[in-house]
Amino acid sequence: MVFFLLICTFVAKLSNMSMKRKTILAIIVAGILCVACSERRTKTMSEEQVISTQTNLQGDSTLYGLACEGCTDSVVVFLPNKGGDPDTFDIIEARKAQHVFGRARTGDQLALIINGSDSTVADMVINLSRLKGHWGYTVTPKLREVPGMNHANMPDSIRERIMKPREYGFKLKHEWAAAPIGFEQEKEKRGPVEFPMLMWYNEWHIYNGHLILSQNMETISVKEEGRQTQHDTTDIVLLRRDSLVLRFKDHTQGYYRIDKESK
């Protein structure tokens, strides 16, 4: 309406046109402006509805989105990344099976595994917002085997000083990026003690309910000859505010949340 009045005022000042031509021209211009504004408004609303344009890994059927107000111990109110209206999923059986990892709070990023027979049921809920962060565990070294050295004769004071535990772990960050905690430097490999090898994870993904931790050599600026990309497929056993338990193919590892301000 504002555009229409402005155009009419402008056209009315054109004295070299008849009133009829002025009116027709004003109507045409106003119509064009209305159509353009409508298309712009529709496009803007459509863009705003899309939460994220991320795409799933090939073969991953996980549904990603945000938790909405109304989530309880029995249902998850979920807004998919593609936008639209929120959906409500039943999670009673998932909770019984201990497949709800992290209580959903409004605005949290979630990953859902939907039941293959009933699209209103989620078989697994992973709170990605809760999963992100700095996770660590304590590693105790062992004395390095050195020819001619008798560890039994080592004084307790020296043993206590060199056998200090170390904090290992990883950081799960935004955009599926990861980083190691406690990465062993080359010079430390020649010391009197040795620590277990630490996987240098720099990527992570959810894949059909599994947590994939990757050491992607393609994204590391300094590549080591002979090193190839490695992936560890894990199952989340427990996820709480300050605790995480992952099941690897050959062992189960517990983690505690690290205050990121100290790292």
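As for the sheet that holds strand S2 (residues 75–80)
Pairing is mixed in the open sheet, where six strands are placed in the order S3-S2-S1-S5-S6-S4. Edge positions in the sheet fall to strand S3 (87–90) and strand S4 (100–101), since each has one partner strand and no second. For S2 and S3, the ladder comprises four bridges, and the chain directions are antiparallel. In the strand pairing of S3, Val77 is matched with Thr88.

Regarding the sheet that holds strand S12 (residues 203–207)
Pairing is antiparallel in the open sheet, where eight strands are placed in the order S10-S9-S7-S16-S15-S14-S13-S12. Each edge of the open sheet carries a strand with a single partner, namely strand S10 (178–181) and S12. The sheet shows a mean angle of 30° between the axes of neighbouring strands, taken without regard to direction. Two elements, strand S13 (residues 210–215) and strand S14 (residues 230–239), share five bridges in a ladder whose sense is antiparallel. Paired with Gln215 across the bridge in S14 is Gln230.

Conventions adopted
- Residues numbered from 1 in each chain as written.
- Predicted model: local features only at pLDDT ≥ 70, side-chain atom pairs only at ≥ 80, totals over all residues.
- Heavy atoms only, no water.
- Pairing = 2+ DSSP bridges.
- Helix = DSSP H or I, 4+ residues; strand = E, 2+ residues; numbered from the N terminus.
- Axes fitted to C-alpha atoms, helices over the stretch in contact; angles between N-to-C directions.

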